[in-house]
Amino acid sequence: MTDTTGVIADLTAEGAEVDALVAGLHESGWDTPTPAPGWAVRHQIGHLAFIFRLAGLSAAQPAAFVQLTSSLSGGLEAAVNAALEEYIHDPAEVLLTRWRAERDAGIKALAAVPGDQLVPWLVNPLPPYVLACAGMMELFGHGQDVADALGVRRERTDRIKHLVGFAVRVRDFGYEARNLTPPAEEFRFELTAPSGALWTFGPADATQRITGSAEDFCLLVTRRRHRYDLDVRAKGTLADQWLDIAQAYRGPAGEGRRPGQFTD
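Below or above, wherever it landed, is the structure these notes cover. For every chain, the first residue of the written sequence is number 1, and numbering continues from 1 along that sequence. The predicted origin of the model limits local features to residues at a pLDDT of at least 70 and limits the giving and counting of side-chain atom pairs to 80 or more, whereas totals for whole chains, interfaces and linings rest on all residues. In computing side-chain values, all of the structure's heavy atoms are included and hydrogens and water are not.

1. So, the nonpolar core
Next up, step 1: Here, nonpolar core refers to any group of buried Ala, Val, Leu, Ile, Met, Phe, Trp, Tyr and Cys residues whose side-chain atoms link them within 4.5 Å. Per-residue accessibility, obtained with a 1.4 Å probe over protein chains only, is compared with the maximum for each type, and a residue is labelled buried under 20%, exposed over 50%, and partly exposed between these values. In this structure, I45, W99, F189, I210, F217 and W242 are the most contacted members of the largest nonpolar core, which totals 75 residues.
Next up, step 2: Here this core gets twelve residues from one element, more than from any other, and that element is helix 6 (residues 128-150).
Next up, step 3: The contact criterion used is simple: two residues touch if any of their non-hydrogen atoms lie within 4.5 Å. W242 has contacts with R171, Y175, F187, F189, I210, F217, L220 and V221, leaving out every residue within four places of it along the chain. A run of DSSP states H or I qualifies as a helix once it reaches four residues; a run of E qualifies as a strand once it reaches two. Both are numbered from the N-terminal end.

Rendered as C-alpha cells:
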C-alpha cells in the first residue's frame, strides 16, 4: 500500500490509548511488574519510546539511522536493553514526557514519507505503511503488558486489522526465530474483526487454515496469550504447528505466556 493516511491515524489513536493507561499513574505505579519477566510498566513505556525514536530517525534522517544501527553490537535485543537504561531511571513525569515526544515525533516523521518510498530498517528497507503496522504491533503487545499489570481490560477496535495483515505478511518470523525452514505452502486466514466483519488473507483453496477471533490472533502473534486460551483454530498439520511458534516480530520468541495464566 502507498496510502498511509489510515494507518497513521490508527497508529496515533492506539498511541493515545496506551498513553491513557499510564497518564494518571502515581510514581510507584510505574514500578508495577508486568507479565514480561523483569519488566515493570516503566520498562514497557521506555521500550516503546525507543522504538518510536528509531522509527522517527529512520523516516526523517535515514543516513543517521543507518549510522546508528550499523554501530550496534550484540543485535537488536542487546541494543533495546541498553537503550532502556536511558529511560527507566527517569522519574515517571519525565519518562511520560519523553514517551509522548518520541511517539509524536516518530509518527509525524512516518506520515511525511511518500507512500511509495522505502525507509531503512533493521534488516530490510520498508515502506512507511509496513513500518507503521509494525508500530501497531509494538503498541498492541506492550500496551497489553501494561494493561495486564494494571488489571485493565482493553476494548479492541478494527484498528487491529493493520496488525493482523502485518502478522500474515511476516508469517515466517516464528520459523526463522527457531532456525526452522518455513513451509512453501501458503496459509488461508479467516478472522472475525471486533466489529464482526470477516477479514480474509491467502488463497481461498489453501488446505492450511487459521480461523477465529482477530483480537485473539493478535494476542497469539504478539505472544501475550497462550494458544490454548484463545479462540484461534487451525486446520492442517502445518497450520497447527504454526500456532505454537507464531510471532509478529523478529528475534528471540521470549517466554510467552503459560496456559491459563489469564482468565479474561
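Moving on, there is more to tell.
2. Considerations on the pairing of strand 1 (residues 187-192)
Look at any regular strand and the pattern is simple: side chains alternate between the two faces of the sheet.
Next up, step 1: Sheet topology places strand 1 next to strand 3 (residues 208-213); six bridges connect them, and they run parallel. Looking across to strand 3, one finds that F187 is bridged to Q208.
Next up, step 2: Once strand 1 ends, the chain turns through five residues before running back antiparallel as strand 2 (residues 198-201), passing G196 with a positive phi of about 100°. Only when DSSP finds a minimum of two bridges between them are two strands counted as paired.

3. So, helix 10 (residues 237-245)
Next up, step 1: When helix 10 is considered as a whole, its buried residues turn out to be A239, W242, L243 and I245.
Next up, step 2: Of the surrounding secondary structure, the elements contacted by the buried residues of helix 10 are helix 8 (173-177), strand 1, strand 3, helix 9 (214-221) and strand 4 (232-235).

4. Observations regarding unusual backbone geometry
Phi is mostly negative for residues that are not glycine, and the peptide bonds are mostly trans.
Next up, step 1: If you check the backbone angles, N179 has positive phi at about 55° while not being a glycine.
Next up, step 2: Note on placement: N179 falls in the loop between helix 8 and strand 1.
Next up, step 3: You can call N179 exposed: its relative accessible area is 75%.
Next up, step 4: Even without being glycine, R223 reaches a positive phi, approximately 60°.
Next up, step 5: With respect to the helices and strands, R223 occurs in the loop between helix 9 and strand 4.
Next up, step 6: Judged by relative accessible area, which is 16%, R223 ranks as buried.

5. Considerations on the side chain of R159
Next up, step 1: Looking at the secondary structure, you find R159 in the loop between helix 6 and helix 7 (161-169).
Next up, step 2: Residue R159 is classed as buried on the basis of its relative accessible area, which comes to 15%.
Next up, step 3: Identification of polar contacts relies on pairs of N or O atoms within 3.5 Å, with a donor-acceptor requirement for protein atoms, meaning one able to donate a hydrogen and the other able to accept it, and with residues adjacent in sequence counted only if both atoms are side-chain atoms. Within the structure, R159 has its side chain in polar contact with the side chain of E17 (distance 2.8 Å).
Next up, step 4: R159 has contacts with D10, A13, E14, E17 and M136, leaving out every residue within four places of it along the chain.

6. Some details on the sheet that holds strand 1
Next up, step 1: The strand order across the open sheet built from four strands is 2-1-3-4, with neighbouring strands paired in mixed fashion. In this open sheet, the two strands that pair with only one neighbour each are strand 2 and strand 4. Averaged over all pairs of adjacent strands, the angle between their axes in this sheet comes to 15°, without regard to strand direction.
Next up, step 2: Taken together, the four bridges between strand 1 and strand 2 define a ladder with antiparallel strand orientation. By the bridge assignment, E190 is partnered in strand 2 with T200.
Next up, step 3: Sitting on the sheet, helix 10 touches strand 1, strand 3 and strand 4, and the angle it makes with strand 3 is about 50°. Think of each axis as a best-fit line through the C-alpha atoms, taken over the contacting stretch in the case of a helix, with angles from 0 to 180 degrees between the N-to-C directions.

7. Quick look at helix 1 (residues 5-22)
Next up, step 1: End to end, helix 1 covers 27 Å across 18 residues, agreeing with the expected 26 Å (1.5 Å per residue, within 8%).
Next up, step 2: Listed in full, the buried residues belonging to helix 1 are V7, I8, L11, E14, G15, V18, D19, L21 and V22. Burial along helix 1 is one-sided: seen end-on, the buried residues are contained in an arc of 150°. Opposite the buried face of helix 1, at more than 90 degrees from it, the exposed residues are T5 and A20. Working rule for helices: expected span equals 1.5 Å times residues minus one. In this description, the arc belongs to the directions extending from the helix axis to the C-beta atoms.

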